[in-house]
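# Coordinates in review
Letter by letter, the chains look like this.
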Amino acid sequence: ATPPLEMWLAEMQAFVKASAKVDGLAPMDQDAKRRQDSVDRWVGIVRDMGATSKLFVTVAEEKGDLAGVVADVLATRAEATLRSRAWPIGQYVKWCRDGKVEPYPFTEKRCYEYLKHLADSKKAASRAACFVKAAKFAHFLFGAEGAQAAVQSQRAVGATWRSTVKTKIRYFGRSPFT
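All values reported here derive from a predicted model rather than from experimental measurement.

## With respect to helix 5 (residues 79–98)
In this model helix 5 runs 29 Å from its N-terminal to its C-terminal C-alpha over 20 residues, within 8% of the 28 Å that 1.5 Å per residue would give. For helix 5, the complete set of buried residues consists of Glu79, Leu82, Ala86, Pro88, Ile89, Tyr92, Val93 and Cys96. Contacts made by the buried residues of helix 5 are with helix 2 (27–49), helix 6 (108–120) and helix 7 (127–142). Trailing helix 5 by a residue or two, Lys100 shows a phi angle of about 60°, which is positive.

If you want it as C-alpha cells, here you go:
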C-alpha cells in the first residue's frame, strides 16, 4: 500500500527544514554570519594597518566607527571576495611576524621577498597571485600605503609569474604521451 500523499509531503518538509539548518542557523542567517565574520576580519586588518591606511586615518580624525565604515566600504563586495582577499593578507602578516618584521606599510622589498618565498615553497601556485590581488584590493579600498607599488615592481611581477607557472606537483609514473 502506498502511504498517503500528505504523509510523504510532511516527511519531505521535515527533511528540508532539518537540512536547511547548519549550526542551528537558517541559510539566510548563515550567510549573514559569514558576511559579518568576513567584514570583522577586514576591520581587524585595517586596524592592524593603522596609520598606514588612509581610511583608518580618516576615521580616526573624524572619531568615527571603524567597523561601520569598513562595513560600508565593503557593502558592494561579495562575501566570497572578502574571504578570498583576506586570507592572503593574513598569510603575509604571519610570514612577516614569523620573520620578526613589521608587515605595514607594504614595501616593495618585503613584498618581493614574500613573493619569492612563495615561489620557492611547495605551497599552492596560486598563493602569489592571490596575494597580489589582495594587496591591490587593500590599496584601492583602504588606501594601504605602498601596496600597489610594492606588487607592481618588475621583480615582484616576475616572482609572481615564477610562482604561478612553476611546476609544484611532481608527477609519478610514465608520461601519458609515450
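## Concerning the pattern of salt bridges
Within the structure shown, the criterion is met by seven salt bridges. Of the charged contacts in the structure, one is a salt bridge between Glu108 and Arg155, with a shortest N-O distance of 2.7 Å. Here Glu108 is found in helix 6, whereas its partner Arg155 is found in helix 9 (residues 154–165), with 47 residues between them in sequence. The exposure class assigned to Arg155 is partly exposed, which follows from its relative accessible area of 40%.

## Examining the environment of Glu145
One can find Glu145 in the loop between helix 7 and helix 8 (147–152). For the pair formed by Glu145 and Thr52, sequence separation is 93 residues and the distance between their alpha carbons is 5.2 Å. Contact partners of Glu145, with chain neighbours within four places excluded, come to Thr52, Pro105 and Phe106.

## Thoughts on the packing of aromatic side chains
Scanning the entire structure with this criterion turns up nine aromatic pairs. On the basis of an interplanar angle of 25° and a centroid distance of 5.3 Å, the ring pair of Trp42 and Phe142 is categorised as stacked. One end of the pair, Trp42, is in helix 2; the other, Phe142, is in helix 7, with 100 residues separating them in the sequence. The pair Trp42 / Phe142 is uniform in exposure class, with both members buried. Considering the side-chain rings of Tyr92 and Phe106, the 5.4 Å spacing of their centres and the 15° angle between planes classify their relative orientation as stacked.

Thresholds applied
Residues numbered from 1 in each chain as written. Predicted model: local features only at pLDDT ≥ 70, side-chain atom pairs only at ≥ 80, totals over all residues. Heavy atoms only, no water. Helix = DSSP H or I, 4+ residues; strand = E, 2+ residues; numbered from the N terminus. Expected span 1.5 Å × (residues − 1). Buried < 20%, exposed > 50% of the residue type's maximum accessible area, 1.4 Å probe, protein only. Contact = heavy atoms within 4.5 Å. Salt bridge = Lys/Arg side-chain N within 4 Å of Asp/Glu carboxyl O. Phe/Tyr/Trp six-rings, centres within 6.5 Å; stacked < 30°, edge-to-face > 60°.

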